[in-house]
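# Remarks on the overall topology
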Amino acid sequence: MGPRDLARPYVAAFVSRFLQMLQYRTAALAGFATQCWWGGIKVMVFAAFYSGSAIAGAASSMTLAQAITYTWLAQGLLVLMPWLGDPEVAQAARTGAVAYDRLRPVDAYALWFARTAGWIAARLLPRVALMAAFAAVALPLVGLGDWAWQLPANAMAGAAFLLSVVLGLLLSTAMVMLLNVATTAALNERGIQAVATPVVIVFSGNLLPLALLPDAWQTALLVQPLAGLFDIPARLYFGQLSGAHALGALGLQCFWIVALVAFGRMAMGRTMRSLQVQGG
């Protein structure tokens, strides 16, 4: 049995979950409309913030145009934020269907990882496309170019950004897998999500660009794993990280993917050994 045969069930799990989630077009449109609304509010907040004298120190690290683009990027990539576990896993844990995955002749962690990655990717791609059409194309056409999504710093920055987003998807999946394992152990996802949400919002840079936080915090903020979800891709997009620094940032994302996958596999193995199946 070759590598292709070994990978086939996981590829099939990813594709089937991806295609399943693409059917929820109304949910995607509703999410897009909500994100446009909140994106517009955040853009106006940044415009007011940058018009004051208090922004003088922060403006050197991020211009208003970059902050606006950052906002639209954040709205487009919002589903990368791992504040929710996979609802399919949560339902399986509550009903006892999780036992079926223990009986399949495949690696349970890899199977869940593939499904979760398909779930995230299918929600990500339509919203990014819709947000780009609105903020990068429609806004300039109606005379709101100053509030639009700007192009990356250069072609290399754009390529590094795309690669970083792919790594961000894998990193997000690894983090969601930790929520999945915790949900399986606790049989309830609400408390776990309540704790995860504020941490993810702040330290991913979704609430406020990490570049605008105090300079003394920048190194610690950059190396923590949540920065790889959005802050690092954004810095690459704006050309703030280039050359060796860009490679180092991409390497940091890879490091956290490997570390969190290893930790997740260990946690899942321990959870499954002591799992008490509910339902019947």
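The coordinates are above.
Since this is a predicted model, take the numbers as computed values, not measurements. (Residues numbered from 1 in each chain as written. Predicted model: local features only at pLDDT ≥ 70, side-chain atom pairs only at ≥ 80, totals over all residues. Heavy atoms only, no water.)

Another point: the packing of aromatic side chains. A complete count under the given rule lists nine aromatic pairs for this structure. Relative to Tyr-50, the ring of Phe-49 has its centre 6.3 Å away and its plane inclined at 90°; by these criteria the two rings are edge-to-face. Exposure remark for Phe-49: the relative accessible area of 39% places this residue in the partly exposed category. Through a chain of ring-to-ring contacts, the aromatic side chains of Phe-32, Trp-72 and Phe-134 assemble into a single cluster. Positioned above the aromatic ring of Trp-119, the side-chain terminus of Arg-123 is 4.2 Å from the ring centre. (Phe/Tyr/Trp six-rings, centres within 6.5 Å; stacked < 30°, edge-to-face > 60°. Buried < 20%, exposed > 50% of the residue type's maximum accessible area, 1.4 Å probe, protein only. Lys NZ or Arg CZ within 6 Å of the ring centre and 35° of its normal.)

Time to look at the packing of helix 4 (residues 87-95) against helix 7 (residues 155-186). It is the contact of helix 4 with helix 7, at a shortest axis distance of 9 Å, that shows an interaxial angle of 15°. Overall, the two elements helix 4 and helix 7 adopt an arrangement that is roughly parallel. In this structure, the crossing between helix 4 and helix 7 has a hand that is right-handed. Taking contact as the criterion, the partners of Val-89, Ala-90 and Ala-93 in helix 4 are, on helix 7, Asn-180, Thr-183 and Thr-184. Among the residues making up the contact of helix 4 with helix 7, the classes are represented as three nonpolar, three polar and no charged. (Axes fitted to C-alpha atoms, helices over the stretch in contact; angles between N-to-C directions. Helix = DSSP H or I, 4+ residues; strand = E, 2+ residues; numbered from the N terminus. Parallel < 35°, antiparallel > 145°, perpendicular 65-115°, else oblique. Left-handed = near helix turned anticlockwise from the far one by under 90°. Contact = heavy atoms within 4.5 Å. Nonpolar A, V, L, I, M, F, W, Y, C, P; charged D, E, K, R; others polar.)

The subject of this paragraph is the nonpolar core. Counting residues in hydrophobic clusters, the biggest one holds 70 residues, and the most contacted among them are Met-62, Trp-72, Met-81, Phe-230 and Met-268. The greatest single-element share of this core, amounting to twelve residues, is contributed by helix 6 (residues 108-141). (Core = buried A, V, L, I, M, F, W, Y, C linked by side-chain atoms within 4.5 Å.)

Here we come to the pattern of salt bridges. Evaluation of the coordinates by the stated rule reveals four salt bridges. One salt bridge connects Asp-107 with Arg-265, and the closest N-O pair in it is separated by 2.6 Å. Placement of Asp-107 in the loop between helix 5 (98-103) and helix 6 and of Arg-265 in helix 11 (residues 244-273) is noted, with a sequence separation of 158 residues between them. One continuous salt-bridge network, built from bridges that share partners, spans Arg-17, Asp-86 and Glu-88. (Salt bridge = Lys/Arg side-chain N within 4 Å of Asp/Glu carboxyl O.)

Let us now look at the layout of surface pockets. Taken as a whole, the largest pocket encloses approximately 340 Å³ of empty space. Along the walls of the largest pocket sit 15 residues, with Trp-38, Lys-42, Gln-75, Asn-206 and Leu-207 positioned nearest its centre. Ranked by the residues each element gives to the lining of the largest pocket, the list is headed by helix 2 (residues 25-50), at nine residues. Among the residues forming the lining of the largest pocket, the class breakdown is nine nonpolar, five polar and one charged. (1 Å grid on protein atoms, 1.4 Å probe; cavity = no way out; pocket = protein on both sides within 12 Å on 5 of 7 lines; lining within 4 Å. Points joined across faces, edges and corners; volume = space filled by probe spheres on them.)

Further remarks concern empty space enclosed by the protein. Within this structure, the stated rule accounts for two cavities of 30 Å³ or more. Taken as a whole, the largest cavity spans an internal volume of roughly 40 Å³. Together, Met-62, Tyr-70, Pro-209, Leu-210, Ala-211, Asp-231, Ala-234, Arg-235, Phe-238 and Gln-240 line the largest cavity. Looking at which element gives the most residues to the lining of the largest cavity, the answer is helix 10 (residues 231-237), with three residues. Estimated volume of the second largest cavity: approximately 30 Å³. Every residue along the wall of the second largest cavity is listed here: Lys-42, Phe-46, Tyr-70, Thr-71, Ala-74, Asn-206, Leu-207, Leu-208 and Pro-209. Take the lining of the second largest cavity: its biggest share by element is three residues, from helix 3 (residues 64-76). Grouping the amino acids of the lining of the second largest cavity by side-chain chemistry returns six nonpolar, two polar and one charged.

Looking now at the side chain of Thr-173. Tracing the sequence through the fold places Thr-173 in helix 7. Look past the residues within four positions of Thr-173 in its chain and what remains in contact with it is Phe-113, Thr-116, Ala-117 and Ile-120.

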